[in-house]
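Residue-level structural notes
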Amino acid sequence: MRRSALYLISLLLLPLVLRLPRGVPGPVQTDEAEEKPRWGTIAVIYLLALAYMVVFYLMPAQGPFLLQFLGASPASTGLLLGVFTLTAALTAPGYSGLAGRFDHRRVAGLGLLLLAAGWGVVSAGSSISGVLPGLIVAGLGGGLALPSLYTWLAELTPRAWRGRIVAGMSSAIFLGQF
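Residues numbered from 1 in each chain as written. Predicted model: local features only at pLDDT ≥ 70, side-chain atom pairs only at ≥ 80, totals over all residues. Heavy atoms only, no water.

**A look at the overall build of the protein chain**
The condition is simple: Each helix corresponds to a stretch of at least 4 residues labelled H or I by DSSP, and each strand to a stretch of at least 2 residues labelled E; elements are numbered beginning at the N terminus. Only protein chains enter the accessibility calculation, which uses a 1.4 Å probe. A residue is then buried if its area is under 20% of the maximum for its type, exposed if over 50%, and partly exposed in between. Here the Shrake-Rupley method, with its probe set to 1.4 Å, supplies the accessible areas, and only the displayed protein chains count as covering residues.
Along its length, the protein chain carries 8 helices and 0 strands. Secondary structure elements in the protein chain, listed N-terminal to C-terminal, are α-α-α-α-α-α-α-α. Each of the 178 residues in the protein chain was classed as buried or not, and the buried ones make up 31%. Within the structure as shown, the protein chain displays about 11,500 Å² of accessible surface, and the carbon and sulfur contribution to it stands at 68%.

Spelled out as structure tokens, the structure:
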């Protein structure tokens, strides 16, 4: 019964999907001269985003082993894994308050330094209570780093290239997760 309901819904939505515009871009109307992207700086931002995601996934991949070694129960391991991600998720919206006051490159640098310092505290932690501050500091850094890297990239990229360049950033992030 469930499969037939999904089939019916998909048949009802099919005509709507087929009527969507094809998305072929029209000519860009700009008064500014055709700028070329600064590929060297863009590549650096891509590499920073890729490295950030590799480091970001250290905790879900290696954290349970470290926490088990420190004597954490499965419930506290899950809680500690969530602290890092939750801190990053709560910090990221706060980036908008910093965006106008500080240079986004400096905020990205600060975020990456906080991330590194947090992981340093985690690696030096000899107990669960010693790991928790490191996870919070790393989460603060992660919440600042990624939005500022996107802002840096968007400011750097010419308008006509912005969609393609930001799509490349998404690819770098997903490669870092892989």
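**Remarks on the environment of Tyr-52**
Stated formally: Throughout, a contact is declared for two residues whenever any of their heavy atoms are within 4.5 Å.
Checked against the element boundaries, Tyr-52 lands in helix H2 (residues 39-56). Residue Tyr-52 is classed as buried on the basis of its relative accessible area of 4%. Sequence separation of Tyr-52 and Gln-177 is 125 residues, and the distance between their C-alpha atoms is 9.4 Å. Setting aside residues up to four positions removed in sequence, Tyr-52 forms contacts with Leu-112, Leu-115, Gly-142, Ala-145 and Leu-146.

**Details of the nonpolar core**
Condition: Note on terminology: a nonpolar core comprises buried Ala, Val, Leu, Ile, Met, Phe, Trp, Tyr and Cys residues joined through side-chain atoms within 4.5 Å.
Among the nonpolar cores identified, the biggest contains 32 residues, and Phe-84, Trp-119, Leu-135 and Met-169 are the most heavily contacted of them. Secondary-structure elements contributing two or more residues to this core are H2, helix H3 (58-69), helix H4 (74-91), helix H6 (104-124), helix H7 (128-156) and helix H8 (162-177). For this core, the element with the highest residue contribution is H7, accounting for 9 residues.

**Details of H8**
Our working definition: The length a helix should cover is 1.5 Å for every residue beyond the first. Here the arc refers to the set of directions running from the helix axis out to each C-beta atom.
Its 16 residues give H8 an end-to-end C-alpha distance of 23 Å, which sits within 8% of 22 Å, the value for a rise of 1.5 Å per residue. Among the residues of H8, those classed as buried are Ile-165, Gly-168, Met-169, Ala-172, Ile-173 and Gly-176. Down the axis of H8, the sector holding all buried residues measures 140°, keeping them to one side. Structural note: H8 exposes Gly-163, Arg-164, Phe-174 and Leu-175 on the side pointing more than 90 degrees away from its buried face. Where the residues of H8 are buried, they touch H2 and H7.

**What to know about the environment of Lys-36**
Within the secondary structure, Lys-36 sits in the loop between helix H1 (2-18) and H2. Each C-alpha atom, one on Lys-36 and one on Thr-157, is 8.4 Å from the other, the two residues being 121 residues apart in sequence.

**Things to note about a nonpolar patch on the surface**
Inclusion rule: Patch rule: a residue counts if its relative accessible area is over 30% and it has no salt bridge; like charges are joined within 9 Å, and nonpolar side chains (Val, Leu, Ile, Met, Phe, Trp, Tyr) within 5 Å. A side-chain nitrogen of Lys or Arg and a carboxyl oxygen of Asp or Glu constitute a salt bridge if their distance falls within 4 Å.
Nonpolar side chains collect at one region of the surface, where Leu-132, Ile-136 and Leu-140 lie side by side and expose about 200 Å² of accessible area between them. Along the chain, Ile-136 falls in helix H7. By relative accessible area, which is 35% here, Ile-136 ends up partly exposed.

**Structural notes on the packing of H2 against H3**
This is how the line gets drawn: Here an angle of 0 to 180 degrees is reported between the N-to-C directions of two axes, which are lines fitted to C-alpha atoms, with helices fitted over the stretch in contact. In these notes the angle categories are as follows: under 35 degrees is roughly parallel, over 145 is roughly antiparallel, 65 to 115 is roughly perpendicular, and the rest is oblique. Each residue gets one label: Ala, Val, Leu, Ile, Met, Phe, Trp, Tyr, Cys and Pro are nonpolar, Asp, Glu, Lys and Arg are charged, and the others, such as Gly, are polar.
Running from amino to carboxyl end, H2 crosses H3 at an angle of 25°, the nearest separation of the two axes being 6 Å. Taken together, the axes of H2 and H3 are roughly parallel relative to one another. In this structure, H2 contributes Val-54, Val-55 and Phe-56 to the contact, and H3 contributes Leu-58, Met-59 and Pro-60. Looking at the contact of H2 with H3 residue by residue, the class counts come to 6 nonpolar, no polar and no charged.

**Comments concerning the pattern of salt bridges**
All chains considered together, the criterion is met by 1 salt bridge. Put simply, Arg-105 and Asp-103 hold a salt bridge, and the shortest N to O gap is 3.0 Å. The class for Asp-103 is partly exposed, based on a relative accessible area of 26%.

**Things to note about the side chain of Thr-157**
Stated formally: Polar contact is defined as a pair of N or O atoms within 3.5 Å, subject to the rule that within protein one atom must be able to donate a hydrogen and the other to accept it, and that residues adjacent in sequence are counted only when both atoms are side-chain atoms.
One can find Thr-157 in the loop between H7 and H8. For Thr-157, a relative accessible area of 3% corresponds to the buried category. A polar contact is formed between the side chain of Thr-157 and the backbone oxygen of Leu-153, at a distance of 2.6 Å. For Thr-157, the contacting residues outside a window of four places in its chain are Ile-42, Arg-162 and Ile-165.

By themselves, these figures tell us nothing about what the structure is for.
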